[in-house]
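# Structural description and commentary
Given next are the chains, with one letter for each unit.
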Number of protein chains: 2
Amino acid sequence: MRSGTAFTQGLRQAVDNGPVWTVEAVRQVRYHVVSSDGLFIPGNTALLTGCPDVPLGPGDRRLVVIDENVDALYGASVRAYFAHHAVDAEVVALRADETVKQWDAVSRVVDAMNGFGIDRRREPVIAIGGGVLTDIVGFAASLYRRGTPYIRIPTTLIGLVDAGVGVKTGVNYELGKNRLGTYAPATATFLDRSFLRSLDLRHISNGLAEILKMALIRSEDLFTLLESRGAAVRADRFQGTTRELASAADTIIAESIHLMLEELQPNLWESSLERCVDYGHTFSPTIEMHALPELLHGEAVVIDMALTTALATLRGDVSQAQADRVYAVIRALGLPLWNDVLDDPLLLENALRETVRHRDGQQRLPLPVGIGRHHFVNDVTPTELRDAARLLRTQAQESPFAASVGALVSAPVGA
Amino acid sequence: MRSGTAFTQGLRQAVDNGPVWTVEAVRQVRYHVVSSDGLFIPGNTALLTGCPDVPLGPGDRRLVVIDENVDALYGASVRAYFAHHAVDAEVVALRADETVKQWDAVSRVVDAMNGFGIDRRREPVIAIGGGVLTDIVGFAASLYRRGTPYIRIPTTLIGLVDAGVGVKTGVNYELGKNRLGTYAPATATFLDRSFLRSLDLRHISNGLAEILKMALIRSEDLFTLLESRGAAVRADRFQGTTRELASAADTIIAESIHLMLEELQPNLWESSLERCVDYGHTFSPTIEMHALPELLHGEAVVIDMALTTALATLRGDVSQAQADRVYAVIRALGLPLWNDVLDDPLLLENALRETVRHRDGQQRLPLPVGIGRHHFVNDVTPTELRDAARLLRTQAQESPFAASVGALVSAPVGA
């Protein structure tokens, strides 16, 4: 832990034309990410003691908001677990997908909190579901009485490695992806790989997109591991049915999360808008919202990465051989290389303009340099985008795995 | 400025059953409260340079959200000021009162921000209006892209001394007063007393209630000043038409704000729920929402203070002579002592229960000790509340100023 950086706090008064006050204060934030398989096996005490900041014991009450699909599969185990430990849990099922990630869903969680009569500080809401659900519940909790603690239990791979470990909450507003939200870390996130056994392969791929992102910008080792074991680990749904698969699954998840947290921790509130974890997130918000509900989040992200890999190839920062490896891994992970929205040059220009607005007047575009490294650029032009899209289309059509570009779009492997 | 308190930041990884990460980070917050009369007189440069963090100059764009009543009175001056300084200002008028302080109003501000295409960090929204308006705009800004800066220009007394100087934003949700909100200070608040010249006396009184609160818990000197000059300063609407009135008005506002900021600064995110500035805010949220739209916020607060003064009298912490002075000042400031909802013992009990929920399981009730001091109690009983209400009713009926209790309720002086 670093510490000792100079912070200032206090109240200062000066007089100019009248009194002028300056208020300075410092907020310490701390949160935990705890791995534990089989969270709802009655003998597992991780949820009771795993987060020392909010212990849970007999007689305590908890509001549990669970994705309705997860409820159908695991709701009985969840209820039985809390009953076994004499925790008075009220379980509320919520529909949560990108199309309903709007204020109305937040309002439903607020209604549940009101109905439960939740205590302000000592009864964290427990959110069980994918990234959309944990984003919605985290947003509601962060607003309720200006901040009620919450706990995340991601049940999807993208929730495990991405949405579940950061501090961002939020919902879409009209076509604005996560336009409204807060920075509000869950007190703790509990990572339980065993949920992935029931996840369809398309959603496994969806999470692998964010893992691939971390590899492409930060770690050639992780990329190489995805290249050699990614497809097998995907087919195994990270369940570790052989010792080798277990080791690969553990390493892929832990490395991806560790790299992500290394990037997030020094910049938790995005005081710097040059964020390499925004790789794949320059064009994808517009692509995703435009194509909704056709593309999952990770699919939109990987299309953005394919496009910017092509762009980096044109710039000479990524060799054609490296790009071919990247495209091959994307395919092997069951992810799309292309979507026809890339044929619309205006859409890409608009996406870039919107990103500039989001990044305070500059592009601050993370671009890959080789595999595992990156730099930031501010000089991407509409013409360059069109050229990159044209190059990518060729690459995508040349794929031995894809009968046609259309097939890559409409039927991600394993959906 | 104090500094040097130990904060920790960094990423720590341990291994239990699987990897466990702890993320620690520290956020530095700073905001300014700047007094300047006649903000929109063309020669006044406070808005351009008064906040060094966000200078404003020719060619800059600003979204201005203004209360529709304020727009009718001052909109032309506001537009002329920005035009004079070559600032491209888009002025959006919004209805803002307690009955519409709901999510829909936030949504309208978000629409305006979308329409304006606001930049994420460099184009603070300027909010001009009372506390309700600045709470709504501050809430919207704090959520937009997870935090867009904003600037407050309060136009009411309660906005100047209370809503405008703290860090809380929010809206009501159903009957829950400010049930949803954020801690998000305005980059700067500009205090301009001259707006008060057009404020009706009932709203002057509304602000005086929060000033009286600070006096009762923190400063006998401020109380004495309110006792001797409050009524005259009120009638003068804080405009300082004589030198003596100007001095009293300046002192009352500056002292009240300074005491408030002294209390807020060390506890900006309410990590301690024992807040003396919550005096008058134990029963008033329920009273206010129950009586909506009959009572203004300050009126509900002052009724709560009258009730708890009676309660402190019964406990022997406030003498009858001191209570009589308090009641006399309340009347002299044009504020009500009583509302018939106090006759409903269940309402008071519910309000206390709701407060306990809000204060994490304990009453943490600030009660006056004499005049200008306070302590916290956790043992108020329903019977005691009924006795205090009965005592207050007698006091209110004995008032030489009030023909009847009803008159105090339905017609605040100067409305």
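Residues numbered from 1 in each chain as written. Chains lettered and ligands numbered in written order. Predicted model: local features only at pLDDT ≥ 70, side-chain atom pairs only at ≥ 80, totals over all residues. Heavy atoms only, no water.

### Concerning the pattern of salt bridges
- This structure, assessed with the given rule, holds 66 salt bridges over all chains.
- A:R179 is paired through a salt bridge with A:E354; the nearest N and O atoms lie 2.9 Å apart. Of the two residues, A:R179 sits in strand 9 (residues 176-180) while A:E354 sits in helix 12 (residues 345-358), which places them 175 residues apart along the sequence.
- Among the residues examined, A:E354 registers a relative accessible area of 21% and is labelled partly exposed.
- The salt bridge partner of A:E263 is A:R218, with a shortest N-O separation of 2.6 Å. Within this pair, whereas A:E263 is found in helix 8 (residues 243-264), its partner A:R218 is found in helix 6 (residues 201-218), the two being separated by 45 residues in sequence.
- Each of A:R120, B:K168, B:E270, B:R275, B:D278 and B:R359 takes part in one network of salt bridges that share partners. (Salt bridge = Lys/Arg side-chain N within 4 Å of Asp/Glu carboxyl O. Helix = DSSP H or I, 4+ residues; strand = E, 2+ residues; numbered from the N terminus. Buried < 20%, exposed > 50% of the residue type's maximum accessible area, 1.4 Å probe, protein only.)

### What to know about the domain arrangement of chain A
Residue and element names in this part refer to chain A.
- As far as domains go, chain A holds domain 1 (32-198) and domain 2 (216-407).
- Here domain 1 and domain 2 have C-alpha centroids that lie 28 Å from each other.
- Across the boundary between the two partners, domain 1 contributes 23 residues, which contact 24 residues of domain 2.
- The contact between domain 1 and domain 2 buries some 2100 Å² in all, and 66% of this surface belongs to carbon and sulfur atoms.
- The largest share of the area that domain 1 buries against domain 2 comes from K177, Y183 and R193, three residues that together contribute 30% of it.
- Linking domain 1 with domain 2 are four salt bridges.
- For K177, the salt bridge is made with E288, and the minimal N-O distance between the two is 3.2 Å. (Domains from an automatic or database assignment. Contact = heavy atoms within 4.5 Å. Buried area = accessible area lost by both parts, 1.4 Å probe.)

### Quick word on the pairing of strand 5 (residues 88-94) of chain B
Residue and element names in this part refer to chain B.
- Where strand 4 (residues 61-67) and strand 5 come together, seven bridges link them in parallel fashion. Across the sheet, the residue bridging to V65 is V92, located in strand 5.
- Crossover connection from strand 4 via helix 2 (residues 68-84) to parallel strand 5: handedness right-handed. (Pairing = 2+ DSSP bridges. Right-handed = clockwise from strand over helix to strand, strands pointing away.)

### Let's talk about the relation of the copies chain A and chain B
- Once chain A is rotated about the relating axis by 180 degrees and shifted along it by 0.0 Å, it coincides with chain B to within an RMSD of 0.0 Å. In symmetry terms, the pair is related by a two-fold rotation axis. Relative to the rotation axis, the C-alpha of A:R27 is the closest in chain A, positioned 2.6 Å from it.
- A share of 100% of interface residues in chain A that are also interface residues in chain B marks the association as one of identical surfaces. (Least-squares fit on C-alpha atoms with pLDDT ≥ 70 in both.)

### Thoughts on the packing of aromatic side chains
Residue and element names in this part refer to chain A.
- Under the counting rule described, the total for this entry stands at 14 aromatic pairs over all chains.
- With centroids separated by 5.5 Å and ring planes inclined at 90 degrees, the aromatic side chains of F40 and Y81 adopt a geometry described as edge-to-face. Of this pair, F40 sits in the loop between strand 3 (19-35) and helix 1 (46-49) while Y81 sits in helix 2 (residues 68-84); the two residues are 41 residues apart in sequence, bridging distant segments of the chain.
- By relative accessible area, F40 is classed as buried at 11%.
- Classification of Y81 as buried rests on a relative accessible area of 0%.
- Consider the rings of F40 and F195, whose centres lie 6.4 Å apart with planes at 65 degrees: the pair is edge-to-face. Highlighted residues: F40 in the loop between strand 3 and helix 1 and F195 in the loop between strand 10 (188-191) and helix 6, separated in sequence by 155 residues. (Phe/Tyr/Trp six-rings, centres within 6.5 Å; stacked < 30°, edge-to-face > 60°.)

### What to know about the confidence of the model for chain A
Residue and element names in this part refer to chain A.
- Within chain A, residue pLDDT values average 93, and 95% of them lie at 70 or more.
- Scored below 50 in pLDDT, residues 400-415 shows 27 contacts in the model against residues more than four places distant or in partner chains.
- With pTM at 0.93, the complex prediction returns an ipTM value of 0.93. (pLDDT = per-residue confidence, 0-100.)

### Description of helix 7 (residues 220-235) of chain B
All names here are of chain B.
- Across its 16 residues, helix 7 extends 22 Å between first and last C-alpha, which sits within 8% of the 22 Å expected from 1.5 Å per residue.
- Of the positions making up helix 7, those classed as buried are L222, F223, L225, L226, G230, V233 and R234.
- Taken together, the buried residues of helix 7 touch helix 6 (201-218), helix 8 (243-264) and helix 11 (320-332).
- Following helix 7 by one or two positions, R237 adopts a phi angle in the positive range, close to 50 degrees. (Expected span 1.5 Å × (residues − 1).)

### Brief notes about the pairing of strand 3 (residues 19-35) of chain B
- Buried residues dominate strand 3 of chain B, accounting for 13 of its 17 residues.
- Across 15 bridges, the pairing between strand 3 of chain A and strand 3 of chain B is antiparallel. Along strand 3 of chain B, the bridge assignment pairs A:V20 with B:V34.
- Across six bridges, the pairing between strand 2 (residues 8-15) of chain B and strand 3 of chain B is antiparallel. Across the sheet, B:V15 pairs through a bridge with B:P19, a residue of strand 3 of chain B.
- Here strand 2 of chain B folds back onto strand 3 of chain B, and the loop between the two strands holds three residues.
- Where strand 3 of chain B meets strand 10 (residues 188-191) of chain B, four bridges bridge the pair, whose relative direction is parallel. Along strand 10 of chain B, the bridge assignment pairs B:S35 with B:L191.

### Quick look at helix 11 (residues 320-332) of chain A
Residue and element names in this part refer to chain A.
- Here helix 11 spans 18 Å end to end across 13 residues, near enough to the 18 Å set by a 1.5 Å rise per residue.
- When we look at burial in helix 11, the residues that qualify are A323, V326, Y327, V329, I330 and R331.
- Contact partners of the buried residues in helix 11: helix 6, helix 7 (220-235), helix 10 (297-315) and helix 13 (382-398).
- Directly beyond the C-terminal end of helix 11, a positive phi value near 75 degrees is found at G334.

### Section: the nonpolar core
Residues and elements named next belong to chain B.
- Counting residues in each nonpolar core, the largest one holds 87 residues, and the members touching the most others are L157, I211, L212, F238, I287, L307 and I330.
- Broken down by element, the residue count for this core peaks at eleven residues, all from helix 8.
- Residue-level mapping places this core at the junction of two domains, with at least three residues from each of domain 1 (32-198) and domain 2 (216-407).
- Non-local contacts of F238, meaning those with residues more than four positions away in its chain, are made with L157, R193, L196, I204, L208, I211, V233, A249, I252 and I253. (Core = buried A, V, L, I, M, F, W, Y, C linked by side-chain atoms within 4.5 Å.)

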